[in-house]
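Summary of the model geometry
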Amino acid sequence: MEHIQIQLLAEKILGLTPEQTDALVDRGEDYDTPLKERFGIDLQTFGKIANALIPLTPIIQEPNTEKFIHAFVEFQNGHGTILAKKDFAE
């Protein structure tokens, strides 16, 4: 997974709104502080856990490329948004 995908996934599990994320970045903070407060881990460790878990997510077909991927998906209003993905390796 790309670093930006790990950050987006962290934002979602922390329940941060876009405004809260912007404020976090504007203050020069990183994701380590809220992750440590909530889960006792930093972003690097969170990324390792997310990368270890993504093969356990369902296999879906990516709409744009039609490739098969594992993905963390957020559903809102009947639509899914891919937060983080990894190519499916048979």
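The coordinates are above.
The present account deals with the structure reproduced in this document. (Residues numbered from 1 in each chain as written. Predicted model: local features only at pLDDT ≥ 70, side-chain atom pairs only at ≥ 80, totals over all residues. Heavy atoms only, no water.)

Turning our attention to the side chain of Glu62. By the element assignment, Glu62 lies in the loop between β1 (59-61) and β2 (68-76). On the accessibility criterion, Glu62 (9% relative accessible area) is buried. Side chain to side chain, Glu62 and Thr65 meet in a polar contact 2.8 Å long. With residues near it in sequence (within four places) discarded, Glu62 still touches Lys67, Ile69, Ile82 and Lys85. (Helix = DSSP H or I, 4+ residues; strand = E, 2+ residues; numbered from the N terminus. Buried < 20%, exposed > 50% of the residue type's maximum accessible area, 1.4 Å probe, protein only. Polar contact = N/O pair within 3.5 Å; in protein donor to acceptor, adjacent residues only side chain to side chain. Contact = heavy atoms within 4.5 Å.)

In total, this model carries four salt bridges according to the counting rule given. Here Glu29 and Arg27 are joined by a salt bridge, their closest N and O atoms 2.7 Å apart. Take Glu29: its relative accessible area is 33%, and that puts it in the partly exposed class. Lys85 is the partner of Glu62 in a salt bridge, and the nearest nitrogen-oxygen pair spans 2.3 Å. Taken together, the positions of Glu62 in the loop between β1 and β2 and Lys85 in strand β3 (residues 79-87) put the pair 23 residues apart, joining distant regions of the chain. On the basis of relative accessibility, which here comes to 29%, the residue Lys85 falls in the partly exposed class. (Salt bridge = Lys/Arg side-chain N within 4 Å of Asp/Glu carboxyl O.)

The next thing to look at is the sheet that holds β3. Backbone-to-backbone hydrogen bonds join strands into a sheet, with any given pair of strands oriented parallel or antiparallel. Across the sheet, three strands lie side by side as β1-β2-β3; this open sheet has antiparallel pairing. Each having just a single partner strand, β1 and β3 make up the two edges of the open sheet. Between one strand axis and the next, the sheet turns by 55° as a mean value, whatever way the strands run. Pairing between β2 and β3: eight bridges, direction antiparallel. Bridge pairing in β3 places Phe72 opposite Ala84. (Pairing = 2+ DSSP bridges. Axes fitted to C-alpha atoms, helices over the stretch in contact; angles between N-to-C directions.)

Geometry only, nothing functional implied.
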